[in-house]
Amino acid sequence: MDRLREPLTATDIGTKRLEILPLQVEFADEMAAVLGDPALHAFIGGAPLSARELRERYGRLVAGSPDPAVSWCNWVLRISGEECLAGTVQATVGPGDDGLEAEIAWVVGVPWQGRGLATEAALALVDWLGRQPVRTVVAHIHPDHAASAAVAKACGLAPTDRMHDGEVRWQRTLR
């Protein structure tokens, strides 16, 4: 089984329309507004975090996983030319059933949805993971969340028969 010898560190990722920037605590105030719409929690549960709560969460994420075998890689999405943040992508990388596995997720704020930004960011993330020692990429998606299923499919992930907390495990083998 592949083991993570050194923790992975999020690096800048660029796309045609996005700057995908490593998470910083300083992004919390703007991201609290981006992620503040309760509609974003329809499938994942919970409620929007305040700027203070998000600063605390980002501080923990930036500090990294307490497990040396696991890397937390988190980014914010900045729309090029608009100079505003619009969402996040993330990958938790650690030992899986058959080598290193990255569990990915994405969120785009409601005002920016429907523009293909989640797909663009997730594709860039999977491409970045393909240049790391990652063997498998997975995402867990609520069975009724058609938009997230479309993003996963665009990234080459396919649904499996495995469920986790009421969500379908989607998976792609990179190598």
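The structure under discussion appears in the preceding block.
All values reported here derive from a predicted model rather than from experimental measurement.

(A) Summary view of the environment of Ala102. Note on placement: Ala102 falls in strand β5 (residues 99–108). Separated by 35 residues in sequence, Ala102 and Val137 place their C-alpha atoms 4.8 Å apart. Setting aside chain neighbours within four positions, we find Ala102 in contact with Thr92, Val93, Leu129, Val134, Thr136, Val137 and Val138.

(B) Representation of the environment of Glu83 in the model. Mapped onto the elements of the fold, Glu83 is located in the loop between β3 (71–79) and β4 (84–96). Glu83 gets classed as exposed once you look at its relative accessible area, which sits at 55%. Expressed as a C-alpha distance, the spacing of Glu83 and Ala105, which sit 22 residues apart in the sequence, is 23 Å. Excluding residues that lie within four positions of it along the chain, Glu83 makes contacts with Glu19 and Arg78.

(C) View of the sheet that holds β4. Spatially, eight strands are ordered β1-β2-β3-β4-β5-β6-β8-β7 in an open sheet, and the strand pairing comes out mixed. Two strands in the sheet have a free side with no partner beyond their single neighbour: β1 (13–14) and β7 (158–164). Where strand β6 (residues 136–141) lies against strand β8 (residues 167–173), six bridges are found, and the strand directions are antiparallel. Bridge assignment links Val138 to a residue of β8, and that residue is Gln171. Its contacts with the sheet put helix α3 (residues 117–130) on β1, β2 (18–22), β3, β4, β5, β6 and β8, and the angle it makes with β5 is roughly 160°.

So, how was this worked out
Residues numbered from 1 in each chain as written. Predicted model: local features only at pLDDT ≥ 70, side-chain atom pairs only at ≥ 80, totals over all residues. Heavy atoms only, no water. Helix = DSSP H or I, 4+ residues; strand = E, 2+ residues; numbered from the N terminus. Contact = heavy atoms within 4.5 Å. Buried < 20%, exposed > 50% of the residue type's maximum accessible area, 1.4 Å probe, protein only. Pairing = 2+ DSSP bridges. Axes fitted to C-alpha atoms, helices over the stretch in contact; angles between N-to-C directions.

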